[in-house]
Amino acid sequence: MEPSLNTWTIIFLIAATQGVFLSVMLFFRKSGANKILGGLILGFSLCLLFYVAYWTGYFRLLPWRVSAIQGLTFMFGPLAYFYLRSDRKKLFFNYWHFLPFVLYTVYFASDVPPRIIPRHFLAIIQVSHLLIYSSILFYWLSRNKGYSNGALKRYTWQNKVAWAFMSYSLSFLLYYVLVWTGLLKVEYDYVISLASSFFIYFIGYHGFQKQEVLKMNEGRNYDKSSLSPSASHSIMKKLKALMEDEKPYLKNSLRLNDIADQLQILPHHISQVINEIEEKNFSDYINKYRIEEAKKLLIESNYKVLHVAFDSGFNNKASFNNAFKKTTGVTPSKYRESSMEHYSNE
C-alpha cells in the first residue's frame, strides 16, 4: 500500500504544524516559564508528526531510529513540572529529571536493534513515567498552596495544567490497554490522539494567553490595597504575637490558610502585610522563625542536625540546610562548630 493521507491525518498534520508555530511564539517570550512551556508543546508536536507518519505509511520510508522521537514523552512530565514551579523571573530546572529521556535516546542511538527490549516493556515504562509525574504535579500543588502572593489565581491555573496533563497521561494509558487487549481500532487511535492533542494544546494556548498568572510569584503591587497602614501594622502585630506565643512554625505542614484560620484574617491580607512590611513571601517569613529556633537548638542541645531540622519545623534535612545557609551564610554544622569555638574562647 502506497503512503497516503486521509481526513484524520490531515487534521493531525495541521494540528502538529500549529503546535510547532505556537512553541516558537512561546520561545520568543521573555519568560523562562514560557520557554519551558514551548519545549513541552514542541515535543508533543514532533510526536504527533511521528504518529502521522506512522498512520499514513510514510514511516516505512524513514530510518528505524526515527522511532526515538517517541522518547520525547519522557520529557513531558519534567517540563510540565518545571513549568508549574517557574514564573517570569525564576526558572526552575533540574537536569536529573531528563535521565530517563537520555537513556532512551542512547538506547536508540546505539547499534542495538529496537526489538532487543520488548516494545510492551518500553510502553509500560513510558506510561508509568507519565503517571508518576502526574502524581508529582498534584503532590507539589498540595504542598505549595497559599505560599505565594495572589496564590488563588495562579493555583487555579496550575490545577488546570495538572488535570490536563493527567488527562493526557490517562489517554496514553488507554491506548496501550486497547493495544494489549486486542481491542484497538485505527478509529480509536485517532480519537485518543485527538483527546491527547486537546489536553496538551489546552495548556499551550491558555498558557500563552494567561501571562498574568506568571507574575503571581513575583510579589504583588498593593498600591490600591484596601488595607490602611494602621490596619497592616495591626495585622502584623497579631501575626508576630502568634509566632512568638504559640510557635505555629514548628509544625512542618503549616500553611498560610492555617495562620489565617487562627487569626480570623483573610489569607490575602496576611500575605500582603508580610510582603509590604517584611518584604518576604510567606514561606521565607516562616523560615525566618524556624532558623532562629534551629540556632538555639544547635547551640543548646546535642541533637543531630536532622533532629534539629525536624524540631524546628522543616520537612527534611536538605530543605533545612538550604534555608539555613541562605539565611546565615553557613551550614548548620558549621554554625554549631563556630558557636562552640566562640563560647570556648570566652
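Residues numbered from 1 in each chain as written. Predicted model: local features only at pLDDT ≥ 70, side-chain atom pairs only at ≥ 80, totals over all residues. Heavy atoms only, no water.

S.K.: What is the right way to read unusual backbone geometry from this model?
M.R.: In most cases, non-glycine residues show a negative phi, while peptide bonds are predominantly trans. The backbone of Lys247 shows a phi angle near 50°, a positive value even though the residue is not glycine. Considering the arrangement of structural elements, one finds Lys247 in the loop between helix 8 (229-246) and helix 9 (256-263). With a relative accessible area of 33%, Lys247 lands in the partly exposed category. Here Gln264, not a glycine, exhibits a phi torsion of approximately 60°, which is positive. For Gln264, the position within the fold is in the loop between helix 9 and helix 10 (267-278). (Helix = DSSP H or I, 4+ residues; strand = E, 2+ residues; numbered from the N terminus. Buried < 20%, exposed > 50% of the residue type's maximum accessible area, 1.4 Å probe, protein only.)

S.K.: Looking at this structure, I do not really get the pattern of salt bridges. What am I missing?
M.R.: Pairing is possible between side chains of opposite charge, provided their charged atoms come close. Within this structure, the stated rule accounts for five salt bridges. The salt bridge involving Asp284 is made with Lys326; its shortest N-O contact spans 3.6 Å. Pair noted here: Asp284 is in helix 11 (residues 282-300) and Lys326 is in helix 13 (residues 317-328), with a separation of 42 residues, a long-range link. Looking at Lys326, the relative accessible area reads 65%, which means it is exposed. Taking the shortest distance from any N to any O, the salt bridge between Glu292 and Lys295 comes out at 3.3 Å. Residue Glu292 and its partner Lys295 are located together in helix 11, separated by three residues, close to a single helical turn. What emerges from the salt-bridge pattern is a single network uniting Lys240, Glu278 and Lys288. (Salt bridge = Lys/Arg side-chain N within 4 Å of Asp/Glu carboxyl O.)

S.K.: Would you take a moment to explain helix 3 (residues 73-85) for this structure?
M.R.: Given 3.6 residues to a turn, an α-helix orients residues that are three or four positions apart in the same direction. Most of helix 3 is tucked away, with 12 of its 13 residues classed as buried. The set of residues buried in helix 3 consists of Thr73, Phe74, Met75, Phe76, Gly77, Pro78, Leu79, Ala80, Tyr81, Phe82, Tyr83 and Leu84.

S.K.: Help me understand a nonpolar patch on the surface in this model?
M.R.: Together, Leu5, Ile10, Leu13, Ile14, Leu46, Leu49, Tyr58 and Leu61 make up an exposed nonpolar region whose accessible area comes to about 680 Å². Elements that contribute at least two residues to the nonpolar patch include exactly helix 1 (7-27) and helix 2 (32-56). Top contributing element to the nonpolar patch by residue count: helix 1, with three residues. By secondary structure assignment, the location of Leu13 is in helix 1. (Patch = residues over 30% accessible without salt bridge, like charges linked within 9 Å, V, L, I, M, F, W, Y side chains within 5 Å. Areas by Shrake-Rupley, 256 points an atom, 1.4 Å probe, with all protein chains shown as cover.)

S.K.: So what exactly am I meant to see when it comes to the packing of aromatic side chains here?
M.R.: The relation between two aromatic rings is expressed through the spacing of the ring centres and the mutual angle of the planes. Under the defined criterion, the tally for this structure stands at 32 aromatic pairs. Between the aromatic rings of Phe82 and Phe93, the centroid separation amounts to 5.0 Å while the plane-to-plane angle is 50°, which identifies the pairing as tilted. Residue Phe82 is found in helix 3, and its partner Phe93 is found in the loop between helix 3 and helix 4 (99-109); the two are separated by 11 residues along the sequence. Take Phe82: its relative accessible area is 0%, and that puts it in the buried class. Taking the centre distance of 6.3 Å and the plane angle of 35° together, the rings of Phe198 and Phe202 count as tilted. Highlighted residues: Phe198 and Phe202, both in helix 7 (residues 186-209), separated by four residues, approximately one helical turn. (Phe/Tyr/Trp six-rings, centres within 6.5 Å; stacked < 30°, edge-to-face > 60°.)

S.K.: Sorry, what's going on with the packing of helix 8 against helix 9 here?
M.R.: Any two packed helices are characterised by the angle at which their axes cross and by the distance between the axes. Closest axis-to-axis distance for the helix 8/helix 9 pair is 11 Å, and the angle between their directions is 100°. It follows from the interaxial angle that helix 8 and helix 9 lie roughly perpendicular. Here helix 8 contributes Lys238, Leu239, Leu242, Met243 and Glu246 to the contact with helix 9, which in turn contributes Ile259, Gln262 and Leu263. Each residue belonging to the contact of helix 8 with helix 9 can be placed in one class, and the counts come to five nonpolar, one polar and two charged. (Axes fitted to C-alpha atoms, helices over the stretch in contact; angles between N-to-C directions. Parallel < 35°, antiparallel > 145°, perpendicular 65-115°, else oblique. Contact = heavy atoms within 4.5 Å. Nonpolar A, V, L, I, M, F, W, Y, C, P; charged D, E, K, R; others polar.)

S.K.: How should I be thinking about the environment of Phe198 in this particular structure?
M.R.: According to the relative accessible area criterion, Phe198 is exposed, its value standing at 55%. With 30 residues separating them in the primary sequence, Phe198 and Tyr168 have C-alpha atoms 8.6 Å apart.

S.K.: Mind showing me how you'd approach the confidence of the model for the protein chain here?
M.R.: A low pLDDT score tells you not to read the predicted coordinates there in detail. Per-chain confidence: the protein chain averages 82 in pLDDT, with 87% of residues scoring 70 or above. The secondary-structure element of the protein chain with the lowest mean pLDDT is helix 14 (residues 332-345), recorded at 76, while helix 12 (residues 305-311) shows the highest, at 92. For the stretch residues 146-150, pLDDT sits under 50, and the model shows 18 contacts to residues farther than four places along the chain or on other chains. Taken together, the stretch residues 215-224 has pLDDT below 50 and engages in 24 contacts with residues farther than four places along the chain or on a different chain. (pLDDT = per-residue confidence, 0-100.)

S.K.: Help me understand helix 1, please; the structure alone is not making it clear to me.
M.R.: Here helix 1 contains 21 residues, and its C-alpha end-to-end distance of 31 Å stays within 8% of the 30 Å for a straight helix at 1.5 Å per residue. For helix 1, the complete set of buried residues consists of Thr9, Phe12, Ala15, Ala16, Gly19, Leu22, Ser23 and Leu26. Buried positions in helix 1, seen along its axis, are confined to an arc of 135° and lie on one side of it. Every exposed residue of helix 1 that faces more than 90 degrees away from the buried side is listed here: Thr7 and Phe21. Where helix 1 starts, the residue carrying a side-chain oxygen 3.1 Å from the main-chain nitrogen of Trp8 turns out to be Asn6. (Expected span 1.5 Å × (residues − 1). Arc of directions from axis to C-beta. Polar contact = N/O pair within 3.5 Å; in protein donor to acceptor, adjacent residues only side chain to side chain.)

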